[in-house]
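# Structure at a glance
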Amino acid sequence: MHAVRELIWDGTAVTAAIHRSGPLGVRLAARLAEAAADPLTDPAIGRLKRCEADDCVMLFLPAHPRRRWCSAGRCGNRMRGPPLLAP
Ligand SMILES: [Zn+2]
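As recorded in an unreviewed UniProt entry, the protein goes by Zinc finger CGNR domain-containing protein and comes from Streptomyces pilosus.

Right, here's the structure in full:
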């Protein structure tokens, strides 16, 4: 498969587009592989956290370092348990 990055001047800015040759399936596989590689090479990868809920496998990029769950409304509420009822 052959891939060429083409620079295009649209009148206000230069944009880059990748043009690939080859069968559709091969081009699609290459695009998916790139999409999977992008987050792994992002400097933010070091801040990824695993959700602390026992039965959750989600990874998330916390907005603040003390965040413990991928979703406060789903895993957070579940792990904190049901709200205590007033006597
Ligand atoms: Zn979770």
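Okay, back to it.
## Focus on the overall build of the protein
On a plain count of helices and strands, the protein comes out with 2 helices and 4 strands. Each helix (α) and strand (β) of the protein, taken in turn from the N terminus, gives the series β-β-α-β-β-α. Taken over C-alpha atoms, the radius of gyration comes to 21 Å for the protein, far larger than the 12 Å a tight globule of 87 residues would show. Summarising its shape, the C-alpha atoms of the protein cover approximately 70 × 35 × 20 Å along the three principal directions. The proportion of buried residues among the 87 residues of the protein is 14%. As displayed, the protein offers around 7,100 Å² of accessible surface, 63% of which is attributable to carbon and sulfur atoms. For the protein, the centre of its 13 positive side-chain charges and the centre of its 8 negative side-chain charges are spaced 8 Å apart.

## Points about the coordination of the zinc ion
Six octahedral donors at a metal ideally form angles of 90 or 180 degrees, and four tetrahedral donors ideally form angles of 109.5 degrees. In this structure, Cys51 (SG), Cys56 (SG), Cys70 (SG) and Cys75 (SG) serve as the protein donors to the zinc ion, at separations of 2.3 to 2.4 Å. Coordination geometry of the zinc ion: the 4 donor atoms subtend angles of 105 to 114° at the metal centre, consistent with an arrangement described as tetrahedral. Within one chain, the residues serving as donors to the zinc ion are arranged as C-x4-C-x13-C-x4-C. Each member of the pair, Cys70 as well as Cys75, carries the same accessibility label: buried.

## Remarks on a nonpolar patch on the surface
Residues Leu40, Ile45, Leu48, Leu59 and Leu61 make up a contiguous nonpolar surface patch of roughly 460 Å² in combined accessible area. Within the fold, Ile45 resides in the loop between helix 1 (24-41) and strand 3 (49-50). Its relative accessible area of 37% is what places Ile45 among the partly exposed residues.

## Observations regarding the pattern of salt bridges
Tallied over the entire structure, the rule returns 4 salt bridges. With a closest N to O distance of 3.7 Å, Arg31 and Glu34 form a salt bridge. With Arg31 and Glu34 both in helix 1 and 3 residues apart, this pair spans about one turn of that helix. Connected through shared salt-bridge partners, Arg20, Arg31 and Glu34 make up one network.

## Looking at the UniProt feature "domain: Zinc finger CGNR" (unreviewed entry) in the protein
Sites flagged by UniProt as "domain: Zinc finger CGNR" (unreviewed entry) map to residues 47-80. Counting secondary structure, residues 47-80 comes out at 26% helix and 12% strand; the distance between its end C-alpha atoms is 24 Å.

About the criteria used
- Residues numbered from 1 in each chain as written.
- Predicted model: local features only at pLDDT ≥ 70, side-chain atom pairs only at ≥ 80, totals over all residues.
- Heavy atoms only, no water.
- Helix = DSSP H or I, 4+ residues; strand = E, 2+ residues; numbered from the N terminus.
- Rg over C-alpha atoms; globule rule 2.2 N^0.38 Å.
- Buried < 20%, exposed > 50% of the residue type's maximum accessible area, 1.4 Å probe, protein only.
- Areas by Shrake-Rupley, 256 points an atom, 1.4 Å probe, with all protein chains shown as cover.
- Lys, Arg positive; Asp, Glu negative; His and termini not counted.
- Charge placed at Lys NZ, Arg CZ, Asp CG, Glu CD.
- Donors = N, O, S within 2.8 Å, 3.2 Å for Na, K, Ca; no water.
- Tetrahedral: all angles 85-135°; square planar, octahedral: opposite > 155°, others 65-115°.
- Patch = residues over 30% accessible without salt bridge, like charges linked within 9 Å, V, L, I, M, F, W, Y side chains within 5 Å.
- Salt bridge = Lys/Arg side-chain N within 4 Å of Asp/Glu carboxyl O.
- UniProt positions renumbered as here; feature names shortened; annotations may be inferred.

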